[in-house]
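Structural features, examined
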Amino acid sequence: MSSLAEPQASRPLSRSPARSPALSPALGPSRCGGERRRGAPDGGASQETRSADLNHAIRLLEGSDSSNLEEEQLKVLKKVVKRFENGLPLKDLAQIIDILNLCAEKVNEQEAFIEPMCELIKLCGIPFQKKKLSDEVSYSVTVSKLIAQLGYLMRVPSSQVRIQICKCIISFYKMELPKKLLSGVNCRHMLKAQAASRLCLYLNDVDPSGQLVFRSSEILWNLLENTSKEEVVNQLSSLECVHALKEVFVDLLLHGFRHYDRQLRNDLLVIATLVAENPAAPMIESGFTTLLVVLATYTEVKIPNPLLKGLKLTFSYEDFEMKKLLFNIIGILSKDPRAVQLLSENDVMPALLYYVKPHQKPGFHEWSASQYEELQLHAIAILASVAPFLVDKYLSCQANTLLLVFLEWCMGQDPFFGQGNSFHGTGGRGNKLAQMRYSLRVLRSVVSLYDDAVNLNLCDQGAISQLLDILKYAANKSKERDDAILLEIQADTLFILSAVCENDAHRKELFSYEGVDILIPFIQMDPKKLYSGLGHNRLLFSALDCLWACVVGCYIAEDYFLEQQGVFLLLDLLALKQKNLCNIILGILVEFCDNPRTTFHISTWRGEKDQTAANLLIQLWRQEELDLGVKRDRYGRIADVKRPIVSSFQKQQEVIPMPANSPSFAIVEISENIRAKLYLLLCKLGFEDLPGLSAKDFVTLAIIRRYVDFKVGEVWSEVCTELKEEFRPVASDEEALKVISEVSENIGRSVAALQTEVLESQHRQEIREEEKTYTKIQAVHKQKEMVNKSWENFLTRTSNYEALKKAKRLQEKSIEASRSKLKTQNGAVHSTDIKGLSTTIGSGRLVTVESTPSQLIGGPLSGTDLALGKPSVCEGALKKIKRVKTLDSIKKDLGPVE
């Protein structure tokens with residue numbers, strides 16, 4: 001946002017103390033430690049005066065309303081506007097917000113406050129001023145509040161104020177600086193005249209005034225800030241200029257004892273750092289690199305060096321700034337292969353490892369606790385850049401051991417209160433997280449080399465167990481606060497474990513049980529966190545990579561992961577269908593399928609709406625082909641039998657003859673999408689009897705099943721095209737190529753025919769289902785009609801007596817017709833009529849049966865098994881029933897027992 005840029009009008013001929021060229025973040029603090037203007041009075045008093053004026057203005061505006069007080073209030077507002085006409089300082093924005101709010105309250109009753117309020121709002125559109133480089137971070141929340149406050153001020157009932165607010169907001173994105181703030185024109189003209197190289201060449205001339213170096217450095221800084229930094233550096237990169245810079249720097253280093261000299265020395269060191277970033281600069285040839293490296297390790301290694309004879313460093317703030325600049329330049333020099341040997345010879349590695357230890361209580365003439373912490377973190381950060389280039393020195397200094405011991409201290413309970421007040425100390429206030437963060441960065445940088453000696457040395461020191469402890473420690477801390485630093489610590493630790501355990505079965509066994517228990521919660525991460533911006537996505541990828549490297553290939557770890565339902569969790573993640581996750585998850589599942597138990601877990605999994613794994617894989621295939629632009633008809637069938645699975649991009653590529661050892665585009669394409677992994681997984685599951693598939697899925701499955709055949713056809717097609725471009729095949733070869741091409745096409749046609757058959761079968765099935773459904777509907781309607789007809793008949797019998805008699809006659813006829821025509825001799829005849837019935841509906845289930853007359857005993861049934869000559873079991877049962885009834889009747893007569 002343009003409002004955070006720094007105006008330059010206050011110092012048109014020299015750089016602002018808060019401005020510095022684009023360096024490493026570590027250079028920020030070294031260039032922002034207060035005013036550097038030589039010979040100028042300290043600006044602290046003016047800052048206090050300005051704050052006092054704003055506080056006075058706030059108190060005055062809060063006073064009671066009166067005509068005399070109103071004049072004073074308007075006068076003080078004009079003074080505030082005049083004082084900040086070149087921009088509002090970031091440190092004063094909170095008070096400016098209060099003043100704007102007070103003005104808004106007064107505008108409702110006193111229109112005289114509209115104009116000064118508009119002037120203040122106008123100042124908000126000018127770039128804010130900063131004193132230190134860290135002000136942008138320190139006051140970012142205040143700036144946000146100010147912008148929000150501008151929105152709230154739209155409530156002021158003044159169109160003039162509202163229009164000015166809109167102009168102010170527009171100026172945040174597009175603003176032309178006032179002409180008096182533009183000071184780069186002369187600098188561009190000077191640069192064209194080779195001013196940078198000319199000034200540098202004359203730095204060592206005789207200077208009776210003592211101002212030559214100072215004025216020259218100021219002009220160089222103006223050129224760096226207002227023109228192309230690359231062009232200025234190119235002009236300073238000649239051997240003569242580098243040598244001149246070196247001589248002036250050494251003179252100030254050895255003979256400059258004033259505060260002014262140390263500041264100028266640091267300024268030249270920053271310029272030398274910029275020159276060192278240019279690979280073409282002769283820093284090594286001039287001896288400047290050697291001098292800087294020796295100076296960087298001067299206080300840690302304690303080895304006398306003739307280059308620094310007579311040097312006496314103090315623990316002043318300027319020397320502290322120089323120390324950080326020297327650390328920074330080591331990181332820059334490590335990128336130059338020519339300088340690596342110098343770094344090794346001058347004991348840079350032991351000097352940086354000197355800080356890999358807990359901070360001891362400082363003495364009287366040493367760095368303060370906050371300064372030491374800043375140097376410590378800076379040194380460890382530079383160690384991460386240097387260590388990969390000095391592996392032999394790294395191992396000889398037992399750096400792995402030192403780092404693991406230091407990490408143990410970081411997790412310990414020893415009282416330590418980190419200051420957290422530097423760039424590298426972010427998030428480390430009151431804890432040791434910053435130290436842990438940068439130490440893990442060092443380990444990450446060296447293990448990423450996949451050097452067997454480094455990894456073996458780490459494992460011999462028990463690194464795997466300790467790294468797992470760090471993961472648990474950071475995970476517990478994340479439960480308290482989930483911030484970017486803790487996420488980075490966990491991600492780096494997982495990466496280190498991946499690099500150490502990969503391709504080593506024994507290390508994977510050491511990781512197995514405890515490691516799997518730690519990995520499971522990462523895989524169960526809430527998908528919403530992936531978009532938080534804190535780094536959860538990186539953490540998840542690191543966990544998946546660790547799973548692939550540390551678990552896959554070790555049956556002990558694999559079986560335990562399966563027992564913990566790990567495959568289910570992977571499929572849950574895959575079901576999210578996030579393209580950036582699918583590739584790695586499918587790769588892990590393919591590798592896992594070498595374990596015979598994995599296939600059962602994949603087949604058992606069920607997702608949302610009872611989705612099966614096979615259905616999920618086929619859906620991913622269709623989505624992948626859609627993204628690749630593979631041609632299909634509206635039913636998903638093959639549209640081009642000659643090139644069934646070719647993507648749109650592949651069709652656009654011309655076939656270029658390639659060497660025999662170079663893969664063609666058809667082969668390279670396999671690794672650029674997920675279709676091959678989907679094919680392999682479905683091969684493991686089998687293409688028969690897959691549950692949960694629709695006809696559309698079977699159509700797609702027919703293509704997947706012949707993926708390899710189609711890919712072989714693509715390769716042969718490329719071979720044919722390449723041959724025809726450079727050679728003319730003989731008749732037999734041409735016939736063979738034709739047959740191969742026809743075979744590929746026939747496979748495409750057979751798959752298309754199978755797809756059509758599947759669709760037709762599905763269509764027939766749908767018709768049958770539709771007929772069944774229609775039959776059911778008909779039956780329901782018929783039943784409803786019968787119920788309605790029965791109801792109508794009932795109503796008719798109820799309301800029409802003749803109809804009731806007719807129904808009675810029909811009933812009697814029906815009963816008569818149902819009787820047997822053969823009548824039993826002397827048989828009893830029972831009447832079906834119920835006497836005294838007055839209802840118009842049929843009788844219920846109540847039936848009265850008359851007992852058999854006594855004269856029939858010994859009749860026609862007497863000779864059968866049912867003869868009543870002997871008392872039967874049933875008769876005894878009836879007697880018992882009678883007795884029970886008698887007891888029941890007695891109980892009833894007696895009434896309830898109290």
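The structure this text deals with has already been given above.
In this report, we go over the structure that sits alongside the text. (Residues numbered from 1 in each chain as written. Predicted model: local features only at pLDDT ≥ 70, side-chain atom pairs only at ≥ 80, totals over all residues. Heavy atoms only, no water.)

A word on the overall build of the chain
Looking only at helices and strands, the chain has 40 helices and 0 strands in total. Within the chain, the fraction of its 898 residues that count as buried is 43%. Here the contacts in the chain between residues at least 6 apart in sequence split such that 76% fall between residues at least 24 apart. When the accessible surface of the chain is summed, it comes to about 50100 Å², and 55% of that surface belongs to carbon and sulfur atoms. (Helix = DSSP H or I, 4+ residues; strand = E, 2+ residues; numbered from the N terminus. Buried < 20%, exposed > 50% of the residue type's maximum accessible area, 1.4 Å probe, protein only. Contact = heavy atoms within 4.5 Å. Areas by Shrake-Rupley, 256 points an atom, 1.4 Å probe, with all protein chains shown as cover.)

Quick word on helix 24 (residues 463-480)
Helix length check: helix 24 (18 residues) gives 26 Å between terminal C-alpha atoms against 26 Å at 1.5 Å per residue, within 8%. The set of residues buried in helix 24 consists of Ala463, Ile464, Gln466, Leu467, Leu468, Ile470, Leu471, Ala474 and Ser478. Structurally, helix 24 contributes buried residues whose contacts are with helix 21 (399-411), helix 22 (433-447), helix 23 (452-460), helix 25 (484-501) and helix 26 (505-523). (Expected span 1.5 Å × (residues − 1).)

Considering the packing of aromatic side chains
Per the stated rule, a full pass over the model turns up 16 aromatic pairs. With centroids separated by 5.0 Å and ring planes inclined at 70°, the aromatic side chains of Tyr513 and Tyr560 adopt a geometry described as edge-to-face. Highlighted residues: Tyr513 in helix 26 and Tyr560 in helix 28 (residues 555-563), separated in sequence by 47 residues. Ring geometry for Tyr679 versus Phe687: centroids 6.4 Å apart, planes at 35°, classification tilted. By relative accessible area, which is 14% here, Phe687 ends up buried. (Phe/Tyr/Trp six-rings, centres within 6.5 Å; stacked < 30°, edge-to-face > 60°.)

So, the packing of helix 21 against helix 24
Where helix 21 meets helix 24, the axes come as close as 11 Å, and the angle between the chain directions of the two elements is 30°. It follows from the interaxial angle that helix 21 and helix 24 lie roughly parallel. Pair helix 21 / helix 24 crosses with left-handed handedness. Along the contact surface, helix 21 presents Leu404, Leu407, Glu408, Cys410 and Met411, while helix 24 presents Ala463, Gln466, Asp469, Ile470 and Tyr473. Partitioned by chemical class, the residues of the contact of helix 21 with helix 24 number 7 nonpolar, 1 polar and 2 charged. (Axes fitted to C-alpha atoms, helices over the stretch in contact; angles between N-to-C directions. Parallel < 35°, antiparallel > 145°, perpendicular 65-115°, else oblique. Left-handed = near helix turned anticlockwise from the far one by under 90°. Nonpolar A, V, L, I, M, F, W, Y, C, P; charged D, E, K, R; others polar.)

Examining a positive patch on the surface
A grouping of Arg764, Arg768, Lys772 and Lys776 is seen on the molecular surface, where their side chains present a positively charged patch. Looking at the element boundaries, Arg768 is found in helix 38 (residues 731-799). (Patch = residues over 30% accessible without salt bridge, like charges linked within 9 Å, V, L, I, M, F, W, Y side chains within 5 Å. Salt bridge = Lys/Arg side-chain N within 4 Å of Asp/Glu carboxyl O. Lys, Arg positive; Asp, Glu negative; His and termini not counted. Charge placed at Lys NZ, Arg CZ, Asp CG, Glu CD.)

Observations concerning the state of the cysteines
As enumerated under the stated definition, the model contains 0 disulfides in all. The thiol sulfur of Cys554 is not disulfide-bonded, and the nearest other cysteine sulfur, from Cys501, lies at 9.7 Å. (Disulfide = S-S within 2.5 Å.)

Quick look at the environment of Ile638
Tracing the chain through its elements places Ile638 in the loop between helix 32 (613-628) and helix 33 (648-652). Sequence separation between Ile638 and Gln755 is 117 residues, and the spatial gap between their C-alpha atoms is 8.4 Å. The contact partners of Ile638, leaving out residues within four places of it in the chain, are Arg632, Pro644, Ile703, Phe710, Gly748, Val751 and Gln755.

Looking at the environment of Arg83
Looking at where Arg83 falls in the secondary structure, it is placed in helix 2 (residues 67-83). Residue Arg83 is classed as partly exposed on the basis of its relative accessible area of 44%.

Structural notes on the pattern of salt bridges
Counted by the stated rule, this structure contains 33 salt bridges. For Asp709, the salt bridge identified is with Arg706, shortest N-O distance 2.7 Å. One salt-bridge network, held together by shared partners, links Glu625, Arg632, Glu669, Arg675, Lys711 and Glu714.

Topic: a nonpolar patch on the surface
Taken together, the side chains of Val708, Val712, Trp716 and Val719 make up a nonpolar region of the molecular surface, amounting to roughly 290 Å² of accessible area. By the secondary structure assignment, Val708 is in helix 37 (residues 707-726). When its relative accessible area of 39% is taken as the criterion, Val708 is described as partly exposed.

Things to note about the packing of helix 21 against helix 22
Running from N to C, helix 21 and helix 22 cross one another at 155°; their axes reach a closest spacing of 10 Å. Classified by the angle their axes make, helix 21 and helix 22 are roughly antiparallel. Handedness of the crossing formed by helix 21 with helix 22: left-handed. Here Asn400, Leu403, Leu404, Phe406, Leu407, Trp409, Cys410 and Met411 of helix 21 lie close against helix 22, whose contacting residues are Gln435, Met436, Ser439, Leu440, Val442 and Leu443. Taken together, the residues of the contact of helix 21 with helix 22 break down into 11 nonpolar, 3 polar and no charged.

So, to be careful, I would describe these as geometric facts and stop short of saying anything about function.
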